[in-house]
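# Inside the fold
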Amino acid sequence: MFNVEALQSKLLACGLPAEGVEYVLNVNQKPAKKVGKRRKRNIILEIPIPRLGILVQAESWSGEHLFLLDLEKPRTVEYLFDQPLAINVQIIDCLGRHTRTTYTADYLAIDGFIVTAYEIKPDDELERLSKERPEDWVRRGDGWHYMPAERVFTRRGIRHVVIPTSSLNQVRADNLRLLSCANLSFSSLRDSKAYKRAYKIVESEGTIRIGDVLDRLEIADATVLMLLLHDQLIFADIDSIYLSPPRDVWVSIDKKRCSIATT
């Protein structure tokens, strides 16, 4: 549970109405339910978010876990909750009847001054839902929308975003997992001469292969480069190229330049 006073101040700074502030503060008290309690086929994980000092739950390697890896990277995410409290929504069922039910988002996050409830779903399930309940599950140019939840959250000053699993990049997720492990296990290397020298080399060259940096440092271990990538002092095309093995990976102080070098 996050500090209540600090969270309340943040919510007011975000401009949330009273109903939205009350909802998020209630979410902060405890999770609404254990993830996957009735879903025997899903892999239940507890994912550490070291920067926030919390553990959050995820249902699978292919969905929520990849999302969490991606969400952790921006350092503007200040608060994250799994399985926030259920809300009451009015839906139109597959028979066309208006009915009331409850809905629980997968995650609630505060990023900068924006509060967002996230729903992560496989693409085939979204396609099925849009056919069975086309007024509730809508696909537009900007993506998928679950209208019943969107209407309720909007009144509370909270965005509702549906994330199809196809938008979650496996290469990126594996790279983020590698960078996270380096950060957890070798953070003390930030104080080393190699860490500082490696940055200076990349800075002076603009764009360079990791192997060439290691040769100039006369070391074989690329951990200091992984830490620099984790800290976003240097960049690599982590969406397209696996960081392991690292020697042929191009890095740069400019995001665009490393992508061009890769291609």
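Above this text sits the structure in question.
Here the structure is a predicted model, which is why all the values come from computation and not from measurement.

For strand S7 (residues 114-121), the buried fraction is high: seven of the eight residues fall into the buried class. Sheet analysis places strand S6 (residues 107-111) next to S7, joined by five bridges and oriented antiparallel. Bridged to Leu 108 within S7 is Ala 117. Hairpin geometry of S6 and S7 is characterised by an intervening segment of two residues between the two adjacent antiparallel strands and by a positive phi of about 65 degrees at Gly 112. Across six bridges, the pairing between S7 and strand S10 (residues 159-164) is parallel. Bridge pairing in S10 places Ala 117 opposite His 160.

Our focus in this paragraph is the pattern of salt bridges. It is possible for side chains of opposite charge to pair when their charged atoms get near one another. Summed over all chains, the structure comprises 15 salt bridges. The residue Glu 119 makes a salt bridge to Lys 121 at a minimum N-O spacing of 3.2 Å. There is no split in this pair, since Glu 119 and Lys 121 are both buried. A salt bridge links Arg 172 to Asp 239, with the nearest nitrogen and oxygen atoms 2.9 Å apart.

Val 24, Leu 80 and Leu 225 are the most contacted members of the largest nonpolar core, which has 78 residues in total. Of the residues forming this core, the biggest block, six residues, is contributed by helix H9 (residues 223-230). Contacts of Val 24, omitting those with residues within four sequence positions, involve Leu 7, Leu 11, Leu 16, Phe 81, Leu 108, Val 115 and Ile 158.

A full pass over the atoms with the stated rule returns seven aromatic pairs. Between the aromatic rings of Tyr 23 and Phe 153, the centroid separation amounts to 5.8 Å while the plane-to-plane angle is 70 degrees, which identifies the pairing as edge-to-face. Separated by 130 residues along the polypeptide, Tyr 23 in helix H2 (residues 18-27) and Phe 153 in helix H5 (residues 147-155) bring together distant segments of the chain. Just as Tyr 23 is buried, Phe 153 falls in that class too. Measuring from centroid to centroid gives 4.9 Å for Phe 67 and Tyr 118, while their planes differ by 55 degrees, and the two rings are tilted. Linking Phe 67 in helix H3 (residues 64-72) with Tyr 118 in strand S7, this pair joins segments that are 51 residues apart in sequence. Of the two residues, Phe 67 and Tyr 118, both sit in the buried class. One aromatic cluster in this structure is built from Phe 2, Tyr 79 and Phe 81.

Rules of the game
Residues numbered from 1 in each chain as written. Predicted model: local features only at pLDDT ≥ 70, side-chain atom pairs only at ≥ 80, totals over all residues. Heavy atoms only, no water. Buried < 20%, exposed > 50% of the residue type's maximum accessible area, 1.4 Å probe, protein only. Helix = DSSP H or I, 4+ residues; strand = E, 2+ residues; numbered from the N terminus. Pairing = 2+ DSSP bridges. Salt bridge = Lys/Arg side-chain N within 4 Å of Asp/Glu carboxyl O. Core = buried A, V, L, I, M, F, W, Y, C linked by side-chain atoms within 4.5 Å. Contact = heavy atoms within 4.5 Å. Phe/Tyr/Trp six-rings, centres within 6.5 Å; stacked < 30°, edge-to-face > 60°.

This is a description of form; function is not addressed.
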